[in-house]
Amino acid sequence: MAKAAPIETRAAPAVAHAGVAVPGLIFGVLAALPAAAVLAPENYLLALGTRIMTFAIAAVALDLIVGYGALVSFGHAAFIGLGAYAVGILAAHGIGELLISLPSALVASVLFALATGAVSLRTRGVYFIMITLAFGQMIFFTASSLAPYGGDDGLTIASRNILLGLPIFKDPRVLYYLVFAALAGTFFLCRAIVGSRFGRVLCGAKENPTRMATLGFEVYRFQLVAYAISGALCGLAGFLLANANDFVSPAYMSWQRSGELIIMVLLGGIGTLYGAIIGAAAYLLIAEFLSQWTEYWQVIFGPFLVLVVLFGRGGLVGLFSQIARKRHA
Amino acid sequence: MSSLVSIQILNGLQLGVLLFLIAAGLTLVFGVMDFINLAHGVQYMLGAYLAVTFYGFTGSFLIALVLALVATLAFALALEVLVFRQLYARDHLDHVMATFGIILFVDQGVKLVWGAAPLSLPVPELFSGSVTMMGGLLYPVWRLVIIGSGLAVAVGLYVLVGHMRVGMLVRAGATNAPLVSALGINISRLFMLVFGFGAMLAGFAGVMIAPILSVEPGMGDAILILAFVVIVIGGIGSIRGAFVAALMIGLVDTLGRSFAVDVLRLFMGPSPARTVGPALASMLIYVLMAVVLTLRPAGLFPAAGR
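Just so it is clear, the model here is predicted, and its values are computed rather than measured.

### Quick notes on the overall build of chain A
Here is step 1 of the chain: Counting secondary structure elements, chain A contains 14 helices and two strands.
Here is step 2 of the chain: For 329 residues, the compact-globule estimate of 2.2 N^0.38 gives 20 Å, and the C-alpha radius of gyration of chain A, at 19 Å, lies within 12% of that figure.
Here is step 3 of the chain: Along the longest, intermediate and shortest principal axes, the C-alpha atoms of chain A span 55 × 45 × 40 Å.
Here is step 4 of the chain: Residues classed as buried in chain A amount to 50% of the 329 residues present.
Here is step 5 of the chain: Within chain A, contacts between residues separated by at least 24 positions form 78% of all contacts whose residues are at least 6 apart in sequence.

Written as structure tokens, this is what we have:
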């Protein structure tokens, strides 16, 4: 695909000199955030931080396939929904054990990813965007019609998951650090994948699938596995989101949510992984502050996104590295 | 039963031509400029809102229609010049992000200007009655007017795109835009023309549907997704594909919603059928799309050279 080329050229310079420092800074800030509770009510701060990190997990997972595989999924919110509904449905039947609900969330996501990926990956470019959107809509409507589990209105989760009888998600501070650990795990897993032989094949397939096939790689299988990994990580995000919100609803998997995930990846800087974390944080923080200021915050936020596209190539990460380069020069 | 089916088929056709009006512009913009315009649904919504406002000023549906079309055209051209023109050369992700931002802006802006409460537009006096169908059921004339005007636009587009010079340029642009430009055609003016015309068609769809739907913020988003399904099934860049797929989607969706529960009751008890039916009905078009793309990865009528 000739389309894929510009993504790589945009991302490459940022990776070169920010590969260690920026992730270190991000995780340092996130780890220290609860200590800043003097500045704002602690529960508010923890809830906001938890929410940011949950969506950051999903955004990093999406960046893995968009940034390194040029597989633009417009239906990734479906996986968040699957993970969340696994928690909700099990809880509705009185099962709150993490050792059951987390594997269920992951397995459901992986199975859905394998089934839909097997079909979607036969298409390319725009058609891939649209077919993943179609599958996302299917799951959305399925959830909307699950009358026994709340249908359109969603499902309240009576109590959060427990680990072998231990209510580990109960304390907001503990929950915060568990989500923090999950984000760190996701980030370093994706980073290891990108650096591995598997990741190189994925990148190669993005640049030139024909050449990779000629070299003897079955590109389709690599892409399918990457899609499944990305789906599973979004399932994890959904699992955490359900536990943090005590609630699941079809709105978690609306196409607007899938669009938001793409925007988070782009806003931060595609193809860097840590850019996705920055993007998720920036998106949710800007939305939070603008919405406190005015009910019509999207009138400001919309044009802001347009301006970022027009002038900030490579997202916030690209912008920072441009500034850094100018200062060095 | 048979008259009920025929009414639902008419409703399906009505949804189909509406989708065609929106999808026609979308597929041209997509095909000629390779541009993903998520904000196309915004034009449909604006068409409806502007018609309500202009009707309030003038009291004439026809004048409101004309003014709304002119206004949507102006809005589309402004967007094209200010934003989209800079993005044609970028990749699809940039298109998604920019047009997503425009959706947020316009959806919220509409709330700011017209309020969040749904508005309505009366059916024009001349077409406000109903016709008696076989079996004694009544069918509103306005829906027939929508079907008729949609088909008229389809014929007009067929002549315009298939048999006129400007249409030839559009088709050539969809196949190979750089080459058309190299042959001395002002491609950016062609792009602007296609974009404005497509947006105006979406605005037209919004005006026509306003008398039978409630005019509310976000009304363009749901229909936009359907329009995308249409152009992907039809093959991006193909007007003919958009027409066939739009009628297909309109009929499948409408008939599915009306009869899914009844059909399922043949296989299962009434209670599970009532649960599964609506879910299956809303999924049906996406299943159709997945099947079509599995069999024909570039849609039913892929434009040549893609």
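### Observations concerning the environment of Val299(A)
Here is step 1 of the chain: Assignment of secondary structure puts Val299(A) in helix α13 (residues 298-311).
Here is step 2 of the chain: The partly exposed category is assigned to Val299(A), around which 19 C-beta atoms lie within 10 Å.
Here is step 3 of the chain: With residues up to four places along the chain from it excluded, the contact list for Val299(A) reads Phe105(B), Gln108(B), Gly109(B) and Leu112(B).

### Remarks on the packing of helix α9 (residues 239-264) of chain B against helix α10 (residues 270-295) of chain B
All names here are of chain B.
Here is step 1 of the chain: Packing of α9 against α10 brings their axes to within 8 Å, and their N-to-C directions diverge by 155 degrees. Considering their axes alone, α9 and α10 lie roughly antiparallel with respect to each other. α10 is crossed by α9, and the crossing has right-handed handedness. Contacts between α9 and α10 pair Ile249, Val252, Asp253, Gly256, Arg257, Ala260, Val261 and Leu264 from the former with Ala273, Arg274, Val276, Gly277, Pro278, Leu280, Ala281, Leu284, Ile285 and Leu288 from the latter.
Here is step 2 of the chain: Tallied by class, residues from the contact of α9 with α10 come to 13 nonpolar, two polar and three charged.

### Overview of the environment of Ala242(A)
Here is step 1 of the chain: You can see Ala242(A) is positioned in helix α10 (residues 219-245).
Here is step 2 of the chain: It is 23 Å that separates the C-alpha atoms of Ala242(A) and Phe27(A), two residues lying 215 residues apart in sequence.

Calculation criteria
- Residues take numbers from 1 onward in each chain, read along the sequence in its written order.
- For naming, the first written chain is A and the first written ligand is 1, with later ones following in the order written.
- Totals for whole chains, interfaces and linings use every residue, but because this is a predicted model, local features are given only for residues with pLDDT of at least 70 and side-chain atom pairs only at 80 or more, for both listing and counting.
- Only runs of H or I of at least four residues qualify as helices and only runs of E of at least two qualify as strands under DSSP, and these elements are numbered from the N terminus.
- The globule rule used for comparison is 2.2 Å times the number of residues to the exponent 0.38, while the radius of gyration itself is calculated over C-alpha atoms.
- Neighbour counting defines burial: a residue surrounded by 20 or more other C-beta atoms within 10 Å of its own C-beta is buried, one with 12 or fewer is exposed, and intermediate counts give partly exposed, using backbone-placed C-beta atoms.
- The contact criterion used is a C-beta to C-beta distance within 7 Å, with each C-beta placed from the backbone.
- Here an axis means a line fitted to C-alpha atoms, over the contact stretch when the element is a helix, while the angle between two N-to-C directions is reported on a 0 to 180 degree scale.
- Should an angle lie under 35 degrees it is considered roughly parallel, over 145 roughly antiparallel, and from 65 to 115 roughly perpendicular; all remaining angles are considered oblique.
- For a crossing to be left-handed, the near helix must be turned anticlockwise from the far one by less than a right angle; the clockwise case is right-handed.
- Ten residues, namely Ala, Val, Leu, Ile, Met, Phe, Trp, Tyr, Cys and Pro, are considered nonpolar, four, namely Asp, Glu, Lys and Arg, are considered charged, and the remaining ones, Gly among them, are considered polar.

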